[in-house]
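# Structural characterization, general
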Amino acid sequence: MSRILYFKTKDDALSWTQAMSDSIGQANLYQYYNLEMTIGQGQFGQVKLATHKRTGLKVAVKIMGKKDIKPIETYQIKREIEVMKMCKHPNIVRLEDLFENAECFFLVLEFMGGGDLFDYLKQRQFRLTEERAREIIIQLTLAVQFLHTFGIVHRDIKLENVMMSDTTDRAVPKLADFGLAKMVGPSEKADEPFGTLGYAAPEVLRKEPYGPACDLWSLGCISYALLCGALPFDHESQRETARLTLQGKLSFEQPAWHFVSEGAKDFIKGLLVREPQNRLSADQALAHVWIKAASSQFAAQ
Ligand code: 3AM
């Protein structure tokens, strides 16, 4: 069916067509999904639970407002969308669908029912078995390896940016939040400051040009936290956290480390190397003996 609309003035016509195209993104979303309760609050808007009308697939719809945000933030949102479109991997939160109108982007994401990895650890009193920690570490390293193969550096890997598929002890971890991700060519380096203190690599804090190796440092911080319940270089003062990252001794002295193998410690030592050129790459991390020794199906291929 088609309909012809007549307007008295050109301005009238313009404002009507604008209003109609504005509503199309939302109309399309509602055409395919039933929107349900709000499940979270993101940097740029709400995250809602939704169900695909035909398939019954549960998804999370991340609503990102376009108004009242700085140009750099619009760029951040667009970058997140572009990176997520490319990333189809079992350990990366999948972008199922995308809608847009004049006010918002609607990112339809795979629903992750287990919350983030920080909460997952907290619910377990920050204690995992070494085998379970290794399963999670292998899967996150596979995600990082995948990103780096495509020249994408995540730049903000931390416990809060890993989401868990469910709340069980078999939950699958997936990397999320690609707002700071960047495409970096093989001989190119980035130099904007970014990330989260406590996970940021020394070269980033030193304001040197950096590349994919910064993700391996962050992965080292996560691995350390999964095995002993605390970050390797952390202090309530930001200044001291930065100093420890740059100069602090990597310590395995907390009681939790008595129960952890030398192989696991050696793996972490290979990641938390201050000079990026001497740090393990994702490929090398996956070839480490401790990773290869995993007994489960998660042993890296
Ligand atoms: O507000 P909180 O921290 O409780 O867990 C995410 C966070 O919750 C949730 O939305 C909030 C803002 O990021 N969230 C984001 N993506 C999600 C997803 N794919 C998600 N929850 C489930 N599945």
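The rules behind each value
- Residues numbered from 1 in each chain as written.
- Predicted model: local features only at pLDDT ≥ 70, side-chain atom pairs only at ≥ 80, totals over all residues.
- Heavy atoms only, no water.
- Helix = DSSP H or I, 4+ residues; strand = E, 2+ residues; numbered from the N terminus.
- Buried < 20%, exposed > 50% of the residue type's maximum accessible area, 1.4 Å probe, protein only.
- Contact = heavy atoms within 4.5 Å.
- Areas by Shrake-Rupley, 256 points an atom, 1.4 Å probe, with all protein chains shown as cover.
- Lys, Arg positive; Asp, Glu negative; His and termini not counted.
- Charge placed at Lys NZ, Arg CZ, Asp CG, Glu CD.
- Salt bridge = Lys/Arg side-chain N within 4 Å of Asp/Glu carboxyl O.
- 1 Å grid on protein atoms, 1.4 Å probe; cavity = no way out; pocket = protein on both sides within 12 Å on 5 of 7 lines; lining within 4 Å.
- Points joined across faces, edges and corners; volume = space filled by probe spheres on them.
- Nonpolar A, V, L, I, M, F, W, Y, C, P; charged D, E, K, R; others polar.
- Pairing = 2+ DSSP bridges.
- Axes fitted to C-alpha atoms, helices over the stretch in contact; angles between N-to-C directions.
- Near = heavy atom within 4 Å.
- Polar contact = N/O pair within 3.5 Å; in protein donor to acceptor, adjacent residues only side chain to side chain.
- Patch = residues over 30% accessible without salt bridge, like charges linked within 9 Å, V, L, I, M, F, W, Y side chains within 5 Å.

## Describing the overall build of the protein chain
Along the backbone of the protein chain there are 10 helices and nine strands. The dimensions of the protein chain, computed from C-alpha atoms along their principal axes, are 80 × 40 × 35 Å. Scored against the burial criterion, the 301 residues of the protein chain give a buried share of 49%. Considering only residue pairs separated by 6 or more positions, the protein chain has 63% of its internal contacts joining residues 24 or more positions apart. Approximately 15,600 Å² of the protein chain is accessible, and the part contributed by carbon and sulfur atoms is 54%. A distance of 2 Å separates the average location of the 37 positive side-chain charges in the protein chain from that of its 37 negative side-chain charges.

## Topic: the pattern of salt bridges
Evaluation of the coordinates by the stated rule reveals 17 salt bridges. Of the charged contacts in the structure, one is a salt bridge between aspartate 156 and lysine 158, with a shortest N-O distance of 4.0 Å. Given the relative accessible area of 16%, lysine 158 is considered buried. One connected set of salt bridges, linked through shared partners, spans Lys62, Glu80 and Asp177.

## Some details on the layout of surface pockets
What the largest pocket holds in volume is close to 640 Å³. What lines the largest pocket is a set of 32 residues, among which Gly42, Val47, Lys62, Met163 and Asp177 lie closest to the centre. Sorting the residues of the lining of the largest pocket by element identifies β1 (33–41), β3 (58–65), α2 (71–86) and β5 (104–110) as the ones contributing at least two each. Counted by class, the lining of the largest pocket contains 14 nonpolar, nine polar and nine charged residues.

## Side note on the environment of lysine 10
Summarising the element assignment, lysine 10 is placed in helix α1 (residues 10–32). For lysine 10 and glutamine 46, which are 36 residues apart along the polypeptide, the C-alpha to C-alpha distance reads 36 Å.

## Focus on the sheet that holds strand β4 (residues 95–100)
Overall, antiparallel pairing links the five strands, which are arranged β1-β2-β3-β5-β4 in an open sheet. Bordering the open sheet on either side are β1 and β4, each of which pairs with just one other strand. For this sheet the average axis-to-axis angle between neighbouring strands, irrespective of direction, equals 25°. The pairing of β1 with strand β2 (residues 46–52) spans six bridges and is classified as antiparallel. For glycine 40, the partnering residue across the bridge sits in β2 and is valine 47. Its contacts with the sheet put α2 on β3, β4 and β5, and the angle it makes with β5 is roughly 35°.

## Looking at the site of the ligand
Lining the immediate environment of the ligand, one finds Ile39, Gly40, Gln41, Gly42, Val47, Ala60, Leu109, Glu110, Phe111, Met112 and Met163. Methionine 112 places a main-chain nitrogen or oxygen 2.9 Å from a nitrogen atom of the ligand. In isolation the ligand offers 480 Å² of accessible surface; the protein chains occlude 69% of this area. The set of elements that each furnish at least two residues to the shell around the ligand consists of β1 and β5. Taken together, the residues of the shell around the ligand break down into seven nonpolar, three polar and one charged.

## Let's talk about a nonpolar patch on the surface
Residues Met86, Phe150 and Met183 make up a contiguous nonpolar surface patch of about 280 Å² in total accessible area. With respect to the element layout, phenylalanine 150 can be found in the loop between α4 (130–149) and β6 (152–153).

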